[in-house]
Amino acid sequence: MKRLWLQLLTVVVLVLSSSTLLAQLPTGIDPGPATTDRITTVGIEEASVRERAERTALHPVGDPQPQTDEFGQFNFNAYLTGLGATGGYVAIPNAYQENVDGSIEAWVCPTATTSSAPCIVGKGVATSGDVGFLFGWTTSSNVLYMRFGTVPTTNTGGTTIPLNQWTHVAATWSGGSGNYTVTFYVNGLQSGSPVTNTGTWNLSSDSMTIGTIKATFGSRDFYGYIDEVRYWQDVRTASEIATHRFVGLGDGFGANTGSALTSNLSYDNLNASYNFNTGGSTMYDFVGGFDGFSRNGAYDVYSDFAP
């Protein structure tokens, strides 16, 4: 009898213990020790990768750090090519009328002197030489020039633009028709003395063009490569031109690696910026929205061919 009672007591204790354990379990599926250990291990591994990434200035796999150069966000910089022999150019419809104060700048790499007066950027008409403006270089003396209406002004005594080498070029103008003051810049430095141009800006609805100009005088096709074209509605200072020439304004998030841009004031009075870093036949302007379109075989290409 005593043995029987002991056996019954043991059964009761076991039942009560089982009920207590069941009451302690959470609702839903218990992940189990193995799964819990796996989650903890993965979390540690991810933290370790992130810590290593921060120490080495790299992002974890799946979120690669963009490889940047001085001009853009991509593995290699892209620039405008397909110019020259085919008459390639970029057309920007309904462009600007900065016939009082303005500035233009670009990186250029001319490869031939086939044309006598290659156009870097211009705004003109197809039936005469009476343009709005034309910013280019003369192959006879390899210096820059600016044309308003029918009057060209050469950067006489200024810095020459070499072949097969990237050069940053810029020009500013002020004063208005008949009395423009034009100042040229090469690689961030003033080139020669300011000059006076007595031309008159031919106001029109013609497109602005990069790589040539649709006007009937001389040979105007640019043979070579062009990059980072910017069009301003004010007179840029020498300091502004020198400071920002290596930075892709309106470019991707990896463009300001040298911290040259310190505030949004760097974009004041900037009408448009063409980085040529997006690929395709549309040359996007992420600043003013004045997108350009390739013509006659012009296109952008990715390469490490940079200054």
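Residues numbered from 1 in each chain as written. Predicted model: local features only at pLDDT ≥ 70, side-chain atom pairs only at ≥ 80, totals over all residues. Heavy atoms only, no water.

A.B. asks: What's the story with the confidence of the model for the protein in this structure? I'm lost.
C.D. replies: The predicted coordinates should not be examined in detail at positions where pLDDT is low. For the protein, per-residue confidence averages 77 on the pLDDT scale, and residues scoring 70 or more make up 72% of the total. When the elements of the protein are averaged for pLDDT, helix H2 (residues 32-56) gives the smallest value, 32, and strand E9 (residues 180-186) the largest, 98. Predicted confidence is poor over residues 1-6, with pLDDT under 50, and the contacts of this stretch with residues over four places away or in other chains come to zero contacts. Taken together, the stretch residues 11-69 has pLDDT below 50 and engages in 18 contacts with residues farther than four places along the chain or on a different chain. (pLDDT = per-residue confidence, 0-100. Helix = DSSP H or I, 4+ residues; strand = E, 2+ residues; numbered from the N terminus. Contact = heavy atoms within 4.5 Å.)

A.B. asks: Sorry if this is basic, but what is going on with the environment of Gly175 here?
C.D. replies: Tracing the sequence through the fold places Gly175 in the loop between strand E8 (167-174) and E9. Exposure remark for Gly175: the relative accessible area of 56% places this residue in the exposed category. Note: C-alpha distance between Gly175 and Thr196 (21 residues apart in sequence) is 9.5 Å. For Gly175, the residues in contact, after removing those within four places along its chain, are Val100 and Asp101. (Buried < 20%, exposed > 50% of the residue type's maximum accessible area, 1.4 Å probe, protein only.)

A.B. asks: I'm lost on the packing of aromatic side chains in this one. Help?
C.D. replies: In this description, a pair of aromatic rings is defined by centroid distance and the angle of the planes. In the structure shown here, the tally under the stated rule is 12 aromatic pairs. Between Phe148 and Tyr180, the ring centres sit 4.0 Å apart and the planes meet at 15 degrees, which makes this aromatic pair stacked. With Phe148 in strand E6 (residues 143-149) and Tyr180 in strand E9, the pair connects residues that are 32 residues apart, well separated along the chain. On the basis of relative accessible area, Tyr180 is assigned to the buried category, the value being 0%. Ring geometry for Tyr284 against Phe286: centres 5.7 Å apart, planes inclined by 20 degrees, an arrangement best described as stacked. Looking at Phe286, the relative accessible area reads 53%, which means it is exposed. Through successive ring pairs, a cluster of aromatic residues spans Phe133, Phe148, Trp173, Tyr180, Trp201 and Tyr231. Here the basic side chain of Arg236 rests over the ring of Trp232, its NZ or CZ set 3.4 Å away from the ring centre. (Phe/Tyr/Trp six-rings, centres within 6.5 Å; stacked < 30°, edge-to-face > 60°. Lys NZ or Arg CZ within 6 Å of the ring centre and 35° of its normal.)

A.B. asks: I'm lost on the pattern of salt bridges in this one. Help?
C.D. replies: Here the idea is simple: oppositely charged side chains can pair when their charged atoms come close. Within the structure shown, the criterion is met by four salt bridges. Ionic pairing is found between Arg236 and Asp234, a salt bridge with its closest N-O pair at 3.3 Å. The same class applies to Arg236 and to Asp234, which are both buried. Here the salt bridges do not stand alone but share partners, grouping Glu105, Glu228 and Arg230 into one network. (Salt bridge = Lys/Arg side-chain N within 4 Å of Asp/Glu carboxyl O.)

A.B. asks: Looking at this model, I keep getting lost on the pairing of E6. Mind explaining?
C.D. replies: Two faces belong to every sheet, and in a regular strand the side chains alternate between them. The element E6 is extensively covered by neighbouring structure, given that seven of its seven residues are classed as buried. Summarising the sheet, strand E5 (residues 131-138) and E6 pair through seven bridges and their orientation is antiparallel. The partner of Phe135 across the bridge, within E6, is Met146. Taking the residues between adjacent antiparallel strands as the criterion, E5 and E6 are bridged by four residues, where Asn142 takes a positive phi near 60 degrees. If you look at the hairpin formed by E6 and strand E7 (residues 151-154), you'll find one residue sitting between the two strands. (Pairing = 2+ DSSP bridges.)

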